Amino acid sequence: MASVSIPLSLPNLNLRRVNRFSGMASASANRATTGVKITEGVGNLPRVVLTSPHGSEAEIYLYGGCLTSWKLPGGKDLLFVRPDAVFDKKKPISGGLPHCFPQFGPGAIQQHGFARNMDWSVVNSENVEGDPVVTLELKDEPYSRAMWDFGFQALYKVMLNAKSVSTELKITNTDSKPFSFTTALHTYFSAAVTGASVKGLKGCKTLNKDPDPKNPLEGQEERDVVTFPGFVDCIYLDAPAELHLDNGLGDVITIKNSNWTDTVLWNPHLQIEACYKDFVCVENAKIGRVHLEPSESWVATQQLSLS
Ligand code: TA6
């Protein structure tokens, strides 16, 4: 992907975003946030590139607040973007680490909600022990209000270290009435699907969306090691705070979380024939509704790291 530094002005952003984005660029220039660069990505969409002093790199598109790449020193990307992904804002970026908010789905509004097809903005960047950290924000707009008529703020902090990338999502009710939501980080990992497996889910209650996503079958996971032998679309309730993904490509990724109580495994098999062999989704999710009174917040963290 071409990388072009954009110091102050950005095409294809609305005025509010330009102002806020430019503000961040100036602020970061003044405060010299090392390893946080705003560049133009695929389709001229603005993205933030994080570079750690240890040589790892991550990129986040403001469209969808989508972390599309997490590269180890040496350049191996542990995340996957589908070959059919489009970067024209006509649909969400298919791949990486998209947000499902305020609905995981299926449900009353569009599948996976609207957060993955809105422009987030940069509100802060900093260095923590030399590593780059960026915080993005999403707020209600007429577009979101038309689907879900509530005032909210989502703050999404992304932190890159030598061998890990961590996120913190904070949802605040900025409305004068309560609301509830479901959410997920719909993470696409690069994988060799025949060799990929997840450890840590044994004993969890399951809601299997295969064959009918609208009427999931209840069950319990009996396997120590869950594999992807065919189509998989399953919710694991009350999943542990730590899972291990063997991506079948020689890496074991530790997936830790706080407050993401559930996990979703997905591989579309022949539904997406062109690339199903190259990824698996292991998603931290909140399937039970989170209720927030006015001014209340909900926070959840995730850390992906190499064992
Ligand atoms: O997270 C799993 C899932 O909800 C599946 O049921 C399937 O609908 C999939 O996501 C679709 O993902 P996509 O990235 O294509 O929107």
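Fair warning: this is a prediction, and the values are worked out from it, not measured in the lab. (Residues numbered from 1 in each chain as written. Predicted model: local features only at pLDDT ≥ 70, side-chain atom pairs only at ≥ 80, totals over all residues. Heavy atoms only, no water.)

**So, the pattern of salt bridges**
What the rule picks out here adds up to ten salt bridges. Lys 89 serves as the salt-bridge partner of Asp 119, at 2.8 Å between the closest nitrogen and oxygen. Residue Asp 119 is located in the loop between strand 6 (99–100) and strand 7 (121–128), and its partner Lys 89 is located in the loop between strand 5 (66–71) and strand 6; the two are separated by 30 residues in the primary sequence. Taken together, the salt bridges that share partners define one network made up of Asp 140, Arg 145, Asp 149, Asp 175 and Lys 177. (Salt bridge = Lys/Arg side-chain N within 4 Å of Asp/Glu carboxyl O. Helix = DSSP H or I, 4+ residues; strand = E, 2+ residues; numbered from the N terminus.)

**Regarding empty space enclosed by the protein**
Applying the stated rule across the entire model yields one cavity of 30 Å³ or more. By volume, the largest cavity amounts to about 30 Å³. Forming the boundary of the largest cavity are Val 49, Glu 57, Ala 58, Glu 59, Ser 69 and Lys 71. It is strand 4 (residues 57–61) that contributes the most residues to the lining of the largest cavity, three residues altogether. For the lining of the largest cavity, the residue count by class is two nonpolar, one polar and three charged. (1 Å grid on protein atoms, 1.4 Å probe; cavity = no way out; pocket = protein on both sides within 12 Å on 5 of 7 lines; lining within 4 Å. Points joined across faces, edges and corners; volume = space filled by probe spheres on them. Nonpolar A, V, L, I, M, F, W, Y, C, P; charged D, E, K, R; others polar.)

**Thoughts on the pairing of strand 21 (residues 279–292)**
In terms of burial, strand 21 is a largely internal element, eleven of the 14 residues being buried. Across six bridges, strand 11 (residues 179–185) lies against strand 21 in antiparallel orientation. Along strand 21, the bridge assignment pairs Thr 183 with Lys 286. Note that strand 12 (residues 188–190) and strand 21 share three bridges and pair antiparallel. Counterpart to Ser 190 in the pairing with strand 21 is Phe 279. (Buried < 20%, exposed > 50% of the residue type's maximum accessible area, 1.4 Å probe, protein only. Pairing = 2+ DSSP bridges.)

**Quick notes on the state of the cysteines**
Using the criterion set out here, one finds zero disulfides in the structure. With no disulfide of its own, Cys 100 lies 9.2 Å from the sulfur of Cys 281, the closest cysteine sulfur. No disulfide involves Cys 234; its sulfur sits 9.6 Å from that of Cys 204, the nearest cysteine. Residue classification places Cys 234 among the buried residues on the basis of a relative accessible area of 7%. (Disulfide = S-S within 2.5 Å.)

**Things to note about unusual backbone geometry**
The linkage connecting Gly 105 with the following residue, Pro 106, adopts the cis geometry, with an omega of 0 degrees. You can see Pro 106 is positioned in the loop between strand 6 and strand 7. Cis peptide bonds are those with omega within 30 degrees of zero, and the linkage from Asp 210 to Pro 211 qualifies with 15 degrees. Looking at where Pro 211 falls in the secondary structure, it is placed in the loop between strand 14 (205–208) and strand 15 (217–220). Positive phi, normally seen in glycine, also occurs at His 112, with a value near 70 degrees. Locating His 112 in the fold gives a position in the loop between strand 6 and strand 7. Judged by relative accessible area, which is 9%, His 112 ranks as buried. Of note in the backbone geometry, Asp 238 takes a positive phi value of approximately 50 degrees without being a glycine. Following the sequence through the fold, Asp 238 ends up in the loop between strand 17 (232–237) and strand 18 (242–246).

**Describing the site of the ligand**
Contacts to the ligand come from Arg 82, Phe 104, Gln 111, His 112, Arg 116, His 186, Tyr 188, Lys 209, Asp 233, Trp 266 and Glu 283. The side chain of Tyr 188 places a nitrogen or oxygen atom 2.5 Å from an oxygen atom of the ligand. Here the ligand, which alone exposes 400 Å², has 81% of that area covered by the protein. Spatially, the ligand is embedded in the largest pocket. Its residues placed into classes, the shell around the ligand shows three nonpolar, three polar and five charged. (Near = heavy atom within 4 Å. Polar contact = N/O pair within 3.5 Å; in protein donor to acceptor, adjacent residues only side chain to side chain. Areas by Shrake-Rupley, 256 points an atom, 1.4 Å probe, with all protein chains shown as cover. Sits in = over half its atoms within 2 Å of the grid points.)

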